[in-house]
Structures are given as structure tokens and as C-alpha cells.
Amino acid sequence: MAPLSLGPGDDVDAWCGKCLMVMNHRIIAVVGSQIKKVECLTCHAIHAYKSEPGAKATREMSGRSVADRGKNSVGRVPRTSRAENEWSVIMTEMQPETQPRSYNITKSYMVAEFIEHPKFGVGRVMEITGAEKMVVIFKDGRKTLLCNRVAATI
Ligand SMILES: [Zn+2]
């Protein structure tokens, strides 16, 4: 029998049911010459080894995953797209009836409040960092905005 070239701790390309892509995985368990368990290096899910999507997935899907894999093979995520991603996740928590308050330097805001900035658009207050400062996440990323300013001090 040919010796198994891969063993636990080695990296292998495998289908991840969570990422829905062929991702880089670390081998957790090998039985005989078969890889049994792998850990996804992207989402850290531990699951049975599959070289490609199971019977449930369509052919079309596996074709696309290979194409995506080629495109995304460099694990480099531009800063802006990561910020945008975080922002879009946060935006999904906004209820349809929520009306973001328009941003005004003299007003005070609360953490988790949705606001609308004339330049940056809709964002959400992530943190109050001082008496007159807050961090708000926008599509462009996190910004520190002034708030709670008394009109006379502007
Ligand atoms: Zn994964």
C-alpha cells in the first residue's frame, strides 16, 4: 500500500459546508489512508472531510466554487471591503421601521443607535468614547464623530 502523504496537522483543500466553498483545511483525523476529519482554517468548523460538495449541492455550485476559489486564493481582504462587510452585517439588524436620526453635533446619542450622516450615510453608534465623542460605523468604516456639543462652543 502506498504510504499516505498527508497526516493530521497537514493542510488540505476540502469542501466547507459553512463557507460553502472549497477552503484550506487542517487535517484532524486520518483513518487508514482516508482523511476523516478536517478543520476549516477560515471558519474553524470541524467536520468530515469532503473534497467537494455532497450530493445535496448542484453541479453548477461546485463549478462556481472552483472559480471563486481561484479568484480568492490570495487571503488578502482589502480594508474597505472588510469595513463594508462589518457595516452591512450591522445594517441587517436595523428594523425596517427604524428611522435613523440625522447626525447633529449638538445632540447626544446612545450606543447602538442608528444615525444618518450627511456625508457618510447611515451608520450605527458603536461606542461612546468621551463626553463629546463617539465611534460610529459607516459603510466607509469606523469614524469618530463629535456629539453632545453645546451650540455656543462651536
Ligand atoms: Zn469554513
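Above: the structure in question.
Residues numbered from 1 in each chain as written. Predicted model: local features only at pLDDT ≥ 70, side-chain atom pairs only at ≥ 80, totals over all residues. Heavy atoms only, no water.

Student: Help me out: how do you make sense of the overall build of the protein chain in this one?
Tutor: Summing up its helical and strand segments, the protein chain has two helices and nine strands in all. From first element to last, N terminus to C terminus, the protein chain shows the α and β order β-β-β-β-α-α-β-β-β-β-β. For the protein chain, the proportion of its 154 residues judged to be buried stands at 27%. Sequence separation of at least 24 residues holds for 31% of the intrachain contacts in the protein chain that already meet a minimum separation of 6. (Helix = DSSP H or I, 4+ residues; strand = E, 2+ residues; numbered from the N terminus. Buried < 20%, exposed > 50% of the residue type's maximum accessible area, 1.4 Å probe, protein only. Contact = heavy atoms within 4.5 Å.)

Student: Got a minute to help me understand the packing of aromatic side chains in this structure?
Tutor: Note on aromatic pairs: each is described by the distance of the centres and the angle between the planes. This structure, assessed with the given rule, holds two aromatic pairs. Taking 5.1 Å as the distance between ring centres and 45° as the angle between the ring planes, the aromatic pair formed by Phe-120 and Phe-138 counts as tilted. Residue Phe-120 is found in the loop between strand S6 (114-117) and strand S7 (121-130), and its partner Phe-138 is found in strand S8 (residues 133-138); the two are separated by 18 residues along the sequence. Each member of the pair, Phe-120 as well as Phe-138, carries the same accessibility label: buried. The cationic tip of Lys-143 hangs over the ring face of Phe-120; the distance from NZ or CZ to the ring centre is 4.7 Å. (Phe/Tyr/Trp six-rings, centres within 6.5 Å; stacked < 30°, edge-to-face > 60°. Lys NZ or Arg CZ within 6 Å of the ring centre and 35° of its normal.)

Student: In this structure, what is going on with the coordination of the zinc ion? I would like to understand it.
Tutor: Octahedral metals with six donors have ideal donor angles of 90 or 180 degrees. Tetrahedral metals with four donors have an ideal donor angle of 109.5 degrees. At 2.2 to 2.3 Å from the zinc ion lie its protein donor atoms, namely Cys-16 (SG), Cys-19 (SG), Cys-40 (SG) and Cys-43 (SG). Around the zinc ion, the four donor atoms sit at angles spanning 104 to 113°, and that spread fits a shape best called tetrahedral. On the primary sequence, the residues serving as donors to the zinc ion are separated as C-x2-C-x20-C-x2-C. Linking Cys-19 in the loop between strand S1 (11-16) and strand S2 (21-31) with Cys-40 in strand S3 (residues 34-40), this pair joins segments that are 21 residues apart in sequence. Judged by relative accessible area, which is 0%, Cys-40 ranks as buried. (Donors = N, O, S within 2.8 Å, 3.2 Å for Na, K, Ca; no water. Tetrahedral: all angles 85-135°; square planar, octahedral: opposite > 155°, others 65-115°.)

Student: So what exactly am I meant to see when it comes to the sheet that holds strand S4 (residues 46-48) here?
Tutor: Strands belonging to one sheet form pairs held by backbone hydrogen bonds; the direction of such a pair is parallel or antiparallel. A sheet is described by the order of its strands in space; here four strands give the open sequence S1-S2-S3-S4, paired in antiparallel fashion. Among the strands making up the open sheet, the edge pair consists of S1 and S4. Along the sheet, successive strands turn relative to each other by an average axial angle of 50°, direction set aside. Of the pairings in the sheet, the one linking S3 to S4 comprises three bridges and is antiparallel in character. Counterpart to Lys-37 in the pairing with S4 is Ala-48. (Pairing = 2+ DSSP bridges. Axes fitted to C-alpha atoms, helices over the stretch in contact; angles between N-to-C directions.)

Student: So what exactly am I meant to see when it comes to the nonpolar core here?
Tutor: What tends to happen in soluble globular proteins is that the nonpolar side chains get buried as a cluster. Residues Tyr-103, Tyr-109, Ile-115, Phe-120, Val-125, Met-134, Val-136, Phe-138, Leu-145 and Cys-147 constitute the largest nonpolar core, which totals 10 residues. Broken down by element, this core gets its largest block of residues, three residues, from S8. In terms of nonpolar packing, the next biggest core, distinct from the first, is built from six residues, Ile-90, Met-91, Val-122 and Ile-137 among them. (Core = buried A, V, L, I, M, F, W, Y, C linked by side-chain atoms within 4.5 Å.)

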